[in-house]
Amino acid sequence: MTEAAMKASSSFFGFSFLNPTAAATVATPPAMATHLLTFTHQPFLKAVARRPIGLSARMPRNPSVRMSLQEDGPSVAIVGVTGAVGQEFLSVLSDRNFPYRSLKLLASSRSAGKPLTYEGRNYTVEELTEDKFDDVDIALFSAGGSISKKFGPVAVGKGTIVVDNSSAFRMNEGVPLVIPEVNPEAMEGIKVSGRKGALIANPNCSTIICLMAATPLHRRAKVKRMVVSTYQAASGAGAAAMEELEQQTREVLEGKEPTCKIFKQQYAFNLFSHNAPVLSNGYNEEEIKLVKETRKIWNDKDVKVTATCIRVPVMRAHAESVNLQFENPIDEDAAREILSQAPGVVVIDDRAANLFPTPLQVSNKDDVAVGRIRQDVSQDGNYGLDIFVCGDQIRKGAALNAVQIAEMLL
């Protein structure tokens, strides 16, 4: 996900902060209404509403049972609350009954003063300033790299544990880069009870989704080389990109010239190389993130990784084709069994029905789906596998992973 995307507007995948006098709320089941913000509905959300069997989803809970606000819980701040990931932070915290004794909602001066209703309580967005981290135990950051670089160390200096969703600190020595299901040991000893500030980095969305599937196999047979091709959704570029994809689709179908503001080229009915800057070696920054972050997370500087990242006209879930070469033999049946037991992973691999993971299946879901599990016929013996992985970019690729890290701090 690009830094620009994390600074995106207060609009998020169908939700917008509004003046309360002008707000129109959507009819929502009572169990869900207690933790949704004031919002308006966007039609592109209709395409991701179905829930396939086998995937964990955000489930409505009894609104009269609200365990999150607890006197002995940590004090929590969300930095960038009006942005895409910031709003998903709130949803995930509520879904998982994350305990907190106080909640501070922080954003830029443009958003300061906006009212929010969350879990039946009224809040006001506050402007992000250095003094806002006094007495904050955990701060979830998703406001872009420049904001993280400016305010992250300030928060740490005040004793706050920062979980940062930007790329600002990911490759810094001494900063844990964590996927809880993959390398929880990287943040060993960092606890709220220690009353000591710390920085923990959330990996890039494409890295998280890839390694959720590749790591269980790596543990069994040790990956020597990994070749990844990603098919990345509009959500990685923010809500404005999603809205433009919807707008372009209508325009093209109506025979009009598509509006191209976010990507500078037609997105609807098209795909193109990821819009991250291209480096002198021909790789773009998104691809290099996957290479470097994999080595750090696996604590293996020798593993060979290459990637090609593509932007595709899908709303909010990434897909990735992953080719793995192993040091030790592993056959596809063993791989299928290993993945079926892996936490946060669901296997969708029905060859007879030609049924495999799709971005639509995993949208708004917690689990990463894996399928097309097969032996690589270009390699001798059982030393190679191909798999296909799909995961929700904004959920497990960002907000959910960060909240899981926060849970480990308690």
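So, here's what we can say about the structure. (Residues numbered from 1 in each chain as written. Predicted model: local features only at pLDDT ≥ 70, side-chain atom pairs only at ≥ 80, totals over all residues. Heavy atoms only, no water.)

**Comments concerning the packing of aromatic side chains**
Line of reasoning, step 1. Enumeration according to the criterion identifies four aromatic pairs in this entry.
Line of reasoning, step 2. An aromatic cluster is present here, built from Phe263, Tyr267 and Phe272 joined pairwise through their rings.
Line of reasoning, step 3. Seen from the ring of phenylalanine 356, arginine 372 lies directly overhead, with NZ or CZ sitting 5.3 Å from the centre. (Phe/Tyr/Trp six-rings, centres within 6.5 Å; stacked < 30°, edge-to-face > 60°. Lys NZ or Arg CZ within 6 Å of the ring centre and 35° of its normal.)

**Details of the packing of helix α5 (residues 205-221) against helix α10 (residues 395-408)**
Line of reasoning, step 1. For the pair α5 and α10, the least separation of the axes is 8 Å and the interaxial angle reads 90°. The pairing of α5 with α10 is recorded here as roughly perpendicular in orientation. Of the residues in α10, those in contact with Cys205, Ile208 and Met212 of α5 are Lys396, Gly397 and Asn401.
Line of reasoning, step 2. Its residues placed into classes, the contact of α5 with α10 shows three nonpolar, two polar and one charged. (Axes fitted to C-alpha atoms, helices over the stretch in contact; angles between N-to-C directions. Helix = DSSP H or I, 4+ residues; strand = E, 2+ residues; numbered from the N terminus. Parallel < 35°, antiparallel > 145°, perpendicular 65-115°, else oblique. Contact = heavy atoms within 4.5 Å. Nonpolar A, V, L, I, M, F, W, Y, C, P; charged D, E, K, R; others polar.)

**Topic: the sheet that holds strand β5 (residues 126-127)**
Line of reasoning, step 1. Reading across from one edge, β5-β2-β1-β6-β7-β8 is the order of the six strands in this open sheet, with parallel pairing throughout. Each of the sheet's edge strands pairs with one partner strand only, and the pair in question is β5 and β8 (198-201).
Line of reasoning, step 2. Inspection of the sheet shows strand β6 (residues 138-141) paired to strand β7 (residues 161-164) by four bridges, in the parallel sense. Bridge pairing links isoleucine 138 to isoleucine 161 in β7.
Line of reasoning, step 3. Against the sheet, α10 contacts β6, β7 and β8, and its axis sits at roughly 165° relative to β6. (Pairing = 2+ DSSP bridges.)

**Side note on the environment of leucine 245**
Line of reasoning, step 1. Along the polypeptide, leucine 245 turns up in helix α6 (residues 239-253).
Line of reasoning, step 2. According to the relative accessible area criterion, leucine 245 is buried, its value standing at 5%.
Line of reasoning, step 3. The sequence separation of leucine 245 and glutamine 266 amounts to 21 residues, and the corresponding C-alpha distance is 8.7 Å.
Line of reasoning, step 4. Setting aside chain neighbours within four positions, we find leucine 245 in contact with Ala234, Tyr267, Ala268, Pro313, Val314 and Met315. (Buried < 20%, exposed > 50% of the residue type's maximum accessible area, 1.4 Å probe, protein only.)

**Thoughts on the pairing of β8**
Line of reasoning, step 1. Burial of β8 is two-sided: the residues Ala198 and Ile200 facing one way and the residues Leu199 and Ala201 facing the other way are all buried.
Line of reasoning, step 2. Bridge analysis of β7 against β8 gives four bridges, and the strand direction is parallel. Pairing of aspartate 164 across the sheet is with alanine 201, part of β8.

**A look at the sheet that holds strand β11 (residues 304-311)**
Line of reasoning, step 1. Ordered by their spatial adjacency, seven strands build an open sheet running β10-β11-β9-β12-β15-β14-β13, and the pairing between neighbours is mixed. Sheet topology places β10 (272-273) and β13 (345-347) at the edges, where each strand pairs with a single neighbour.
Line of reasoning, step 2. Where β13 lies against strand β14 (residues 368-375), three bridges are found, and the strand directions are parallel. Bridge pairing in β14 places valine 345 opposite valine 368.
Line of reasoning, step 3. Sitting on the sheet, helix α8 (residues 332-341) touches β13, β14 and β15 (384-392), and the angle it makes with β14 is about 170°.

**Side note on α10**
Line of reasoning, step 1. Maximal helix bending in α10 amounts to about 35°, located at asparagine 401.
Line of reasoning, step 2. Burial analysis of α10 places twelve of its 14 residues in the buried class, the great majority of the element.
Line of reasoning, step 3. Along α10, the residues that are buried comprise Arg395, Lys396, Gly397, Ala398, Ala399, Leu400, Asn401, Ala402, Val403, Gln404, Ile405 and Ala406. (Bend = angle between axes of the 7 residues up to and from the residue.)

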